[in-house]
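Residue strings, one per chain:
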Amino acid sequence: MMILAACVLVVGGIVVLRLWRHSAELRSFAKLAANWRPPLLPSLLFVGIVVIWLLWKLPALQVARSKALTDENRFDRENEARKTLAQILAGVFVLAGLYSSV
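Now for a description of the structure that goes with this document. As the structure is a computational prediction, the values presented were derived from the model and not from experiment.

Quick word on the packing of aromatic side chains
The final tally for this structure, using the stated rule, is 0 aromatic pairs. A cation sits over an aromatic face here: Lys57 above Trp56, 4.4 Å from the ring centre.

Here's what the structure looks like:
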């Protein structure tokens with residue numbers, strides 16, 4: 001166990017020394033990465049597609065587990081699950097909007 005700890009310390013020290021030696025390059029890369037923003041339209045399109053897919057498929061998967069449901073009752077349960085999921089997603093978007101506006 002002590003040998004493993006010593007190996008971890010040695011490898012960690014080597015990694016730290018290499019990072020310290022290349023720290024200027026890493027700082028310039030970090031500045032570039034901090035200023036990068038994803039394109040707005042494709043990002044919104046992707047999020048919209050994911051939300052629509054979740055609202056369509058997830059309630060059907062949840063209700064599919066219940067075998068003793070009539071078609072009308074199954075539709076009602078899927079619809080209620082969609083309403084609940086839509087409220088949760090709307091709350092997440094409102095909180096994200098509030099966070100980004102501050």
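Here we look at the environment of Leu89
Structurally, Leu89 can be placed in helix H4 (residues 71–101). The buried category is assigned to Leu89, whose relative accessible area is 17%. Each C-alpha atom, one on Leu89 and one on Leu54, is 9.8 Å from the other, the two residues being 35 residues apart in sequence. When near neighbours in sequence (up to four residues on either side) are disregarded, Leu89 contacts Val51 and Leu55.

What about the packing of helix H3 (residues 40–64) against H4?
Two elements in contact, H3 and H4, have axes separated by 9 Å at closest approach and are oriented at 145 degrees. The way H3 lies across H4 gives a crossing that is right-handed. On H4, the residues that touch Val47, Val51, Leu54, Leu55, Trp56, Leu58, Pro59, Ala60, Gln62, Val63 and Ala64 of H3 are Arg74, Arg77, Glu78, Ala81, Arg82, Leu85, Ala86, Leu89 and Phe93.

Rules used throughout
- Residue numbers here run from 1 along each chain, matching the order of that chain's written sequence.
- At least 70 in pLDDT is required for a residue's local features to be given in this predicted model, at least 80 for side-chain atom pairs to be given and counted, and no such filter applies to totals for whole chains, interfaces and linings, which use all residues.
- The side-chain numbers reported here are obtained from all heavy atoms of the structure, hydrogens and water having been left aside.
- Pairing of aromatic rings covers Phe, Tyr and Trp, the last through its six-membered ring, and needs centres within 6.5 Å; plane angles under 30 degrees mean stacked, over 60 mean edge-to-face, and all others mean tilted.
- Any Lys NZ or Arg CZ that is within 6 Å of a ring centre and within 35 degrees of that ring's normal is treated as a charge sitting over the ring.
- Counting from the N terminus, the helices are DSSP H or I runs at least four residues long and the strands are E runs at least two residues long.
- For every residue, the accessible area (1.4 Å probe, protein chains only) is compared with the maximum for its type, and the residue is labelled buried under 20%, exposed over 50%, or partly exposed between those bounds.
- For this analysis, residues touch if any pair of their heavy atoms sits within 4.5 Å.
- As a rule, the C-alpha atoms of each element are fitted with a line to give its axis, helices using only the stretch in contact, and angles between N-to-C directions run from 0 to 180 degrees.
- Helix crossings fall into two classes, left-handed where the near helix is turned counterclockwise from the far one by less than a right angle and right-handed where it is turned clockwise.

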